[in-house]
Amino acid sequence: MATIALTNRAPHQHKMSAGYAERLKEYPNKGKCGLPENYDTSRSLSSKISTLAQLMNQSRYTVVLTGAGISTSAGIPDFRGPNGIWTREQQRLMKVKKKKRKRVDDNDSNDDQSEQPQQNDNEQQQSSKGSSSSPSFVTAQPTLTHRALAHLITNNTPHPNHNNKNQYYLQHLITQNIDGLHGKTTSLPRNQLSILHGDIFTEKCPTCHKEYIRNYEISTIGLQPTGRYCTSGGDPPGSCNGALTDTLLDWEDALPEVDWERSQVECAKAELILCLGTSLRIEPAGGLCTLGTGLGYVDAGAAEWDLDCGGYLDVDATTKKKKSKKKKRQQLPPKKLGYVIVNLQETPYDDGATLVIRAKVDDVMERLMSKLGYGSDWDGNDDDDRVDEHEQGQDGKNDDED
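Along each chain, residues carry numbers from 1 onward, in the same order as the chain's sequence is written. Confidence filtering applies because this is a predicted model: local features only for residues at pLDDT of at least 70, side-chain atom pairs given and counted only at 80 or more, and all residues used for totals across whole chains, interfaces and linings. In computing side-chain properties, one takes all heavy atoms of the structure into account and sets aside hydrogens as well as water.

S.K.: What am I meant to see in the environment of G69 here?
M.R.: The topology assignment puts G69 in the loop between β2 (62–66) and α3 (85–106). Considering only alpha carbons, one finds G69 and V361, 292 residues apart in sequence, at a separation of 7.5 Å. Only DSSP runs of H or I with at least four residues qualify as helices, and only runs of E with at least two residues qualify as strands; both kinds are numbered from the N terminus onward.

Structure below.
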């Protein structure tokens, strides 16, 4: 059984760890960046949140897919927003290209020509990697959205009109984020959390599949050895001694098998899927929302989604076809409520959504919690529980419960 060991022992603490995005290999097709952010009017937003609450009360099985947009209020930048990491990277590269063209035009000496290529190459290399001023993942704390989602998964519904008093509003959470903020929320079972792109705090043993969650950032990327070894896995416990690796995916890495397969199963079971703070532009994760419709793939200008795909496919980069005109939404099968998107920017899957909300995710979740019947005291703003010394399995049980 794959297990998780929680530890708070750090071999060495750096004042500031290198940014995650800077560790990724160069990859040209990062999708549309810097699209404008739009906001619903106050009246429209109120109406949409009421509709969302109705859908939540109607759904008997709800799954959430989260992206970088839910962590921006924690000080962690997103990727494709107006001030996103890749947006700024593209802007810097454009400036470098303009400077290069200007130098060529203004060049009037052989000495300048001989120095120019090396100077430009150095500038472009520096610009493509971006700035190293990324905030520390260690100090970042869960946002209101992180805390609300954990609460909805682990606390019974208080709504007086709900038929089943033992019903939970959320059944599963899928994240594309590597910041570990979902794991910092209190009592979120691992078997109800699927992590698709890795966790910057997690090491894993490829031999016995035990996970070790640290309170410091893992410095490697691409499922590489970290230099530490499995100390509590194997049979008997402690006999494994396998070489630990990071869990962070680079562009060409396959998604983790257990989490990816579980994500597909959970989305197929869902009557409602909430997509929060995600541009839905990285595949195959982005296409998970279509499983909530029961209709298969919804053509919204994205590349065809392959369930067997193991790596990242950008929906803008993998197709050269022109986007089709907005299609009339198909009739959903019985008991399927489709998917809801909460994102400030447009996504490739907007056309097929049951509801699209243009607002900050924290604002939506705060008002949604009130609509669902939770009082103002639901948010305890709990601290990070990662330092607890116990082991937890992928099935969500403590080892001593088996």
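S.K.: Where do I start with the side chain of Q176 in this structure?
M.R.: Locating Q176 in the fold gives a position in the loop between β3 (172–175) and β4 (193–195). Any residue under 20% of the maximum accessible area for its type is buried, any over 50% is exposed, and the rest in between are partly exposed; the area is computed with a 1.4 Å probe on protein chains only. In this structure Q176 comes out as buried when scored by relative accessible area, which is 12%. By definition, residues are in contact when any of their heavy atoms lie within 4.5 Å. Excluding its chain neighbours within four sequence positions, the residues that come into contact with Q176 are L65, T66, G67, H197, T278, I282 and A285.

S.K.: Explanation requested: the state of the cysteines in the structure shown.
M.R.: Note: disulfide means a covalent bond formed between the sulfur atoms of two cysteine side chains. Two cysteine sulfurs form a disulfide in these notes if their separation is within 2.5 Å. Summed over all chains, the structure comprises zero disulfides. Here C230 is not disulfide-linked; the sulfur of C208 is the nearest cysteine sulfur, at 3.6 Å. The thiol sulfur of C289 is not disulfide-bonded, and the nearest other cysteine sulfur, from C275, lies at 4.6 Å. Here C289 falls in the buried class, since its relative accessible area comes to 1%.

S.K.: Explanation requested: helix α5 (residues 144–154) in the structure shown.
M.R.: One turn of an α-helix holds 3.6 residues; hence residues three or four places apart share an orientation. In terms of burial, α5 is a largely internal element, 10 of the 11 residues being buried. Inspection of α5 places L144, T145, H146, R147, A148, L149, A150, H151, L152 and I153 among the buried residues, and these make up the whole buried set. Those residues of α5 that are buried are in contact with α2 (42–58), β2, β3, β9 (272–276) and α7 (361–371).

S.K.: Teacher, can you tell me more about the packing of α2 against α7 here?
M.R.: When two helices pack together, their arrangement is captured by the angle between the axes and the distance separating the axes. Fitted lines through C-alpha atoms serve as axes, helices being fitted only where they are in contact, and the angles separating the N-to-C directions of these axes extend from 0 to 180 degrees. The interhelical angle for the contact between α2 and α7, taken along N-to-C directions, is 55°, at an axis separation of 9 Å. It follows that α2 is oblique to α7 by the angle criterion. Of the two elements, α2 crosses α7, and the hand of that crossing is right-handed. Mapping the contact onto sequence places L45, S46, I49, S50, L52, A53 and M56 in α2 and V364, R367, L368 and K371 in α7. Considering only residue class, the contact of α2 with α7 consists of seven nonpolar, two polar and two charged. Angle categories are assigned with fixed cut-offs, so that under 35 degrees is roughly parallel, over 145 is roughly antiparallel, 65 to 115 is roughly perpendicular, and the rest are oblique. With the far helix as reference, a near helix turned anticlockwise by less than a right angle produces a left-handed crossing, and one turned clockwise produces a right-handed crossing. Any residue that is not Ala, Val, Leu, Ile, Met, Phe, Trp, Tyr, Cys, Pro, Asp, Glu, Lys or Arg is counted as polar, Gly included; the first ten are nonpolar and the last four charged.

S.K.: Explanation requested: the sheet that holds β9 in the structure shown.
M.R.: Sheet strands pair by backbone hydrogen bonding; their relative direction is either parallel or antiparallel. Following DSSP output, two strands are said to pair if at least two bridges run between them. If you walk across this open sheet you meet the six strands as β4-β3-β2-β9-β12-β13, and the pairing is parallel. On the outer flanks of this sheet lie β4 and β13 (355–357), each paired with one strand and no other. Taking the axes of each pair of neighbouring strands and ignoring which way they run, one obtains an average angle of 15° across the sheet. Both β2 and β3 contribute to a ladder of four bridges, which runs parallel.

S.K.: What is the right way to read the pairing of β9 from this model?
M.R.: Working note: regular strand, side chains alternate between the two faces of the sheet. With five of five residues buried, β9 lies mostly within the body of the structure. With burial as the criterion, each face of β9 is covered, one bearing L272, L274 and L276 and the other bearing I273 and C275. Both β2 and β9 contribute to a ladder of five bridges, which runs parallel. Bridge assignment links V63 to a residue of β9, and that residue is I273.

S.K.: Can you walk me through α7 in this structure?
M.R.: Turning to α7, its buried residues number three or more, namely V361, D362, V364, M365, L368 and M369. Down the axis, α7 shows its buried residues gathered within 160° of arc, on one side only. Those residues of α7 that are buried lie in contact with α2, α5, β9, β12 (338–342) and β13. Once α7 ends, the next one or two residues include G373, with phi positive near 105°. Think of it as the arc spanned by the lines of direction from the helix axis to the C-beta atoms.

S.K.: For this particular structure, what's the right way to read the pairing of strand β8 (residues 243–246)?
M.R.: Here strand β5 (residues 202–204) runs beside β8; their pairing, made up of two bridges, is antiparallel. By the bridge assignment for β8, K204 is matched with T245.

S.K.: Looking at this model, I keep getting lost on the packing of α5 against α7. Mind explaining?
M.R.: Closest axis-to-axis distance for the α5/α7 pair is 8 Å, and the angle between their directions is 35°. Remark: the crossing between α5 and α7 carries left-handed chirality. Of the residues in α7, those in contact with L144, T145, A148, L149, H151 and L152 of α5 are V361, D362, M365, E366 and M369. Taken together, the residues of the contact of α5 with α7 break down into seven nonpolar, two polar and two charged.

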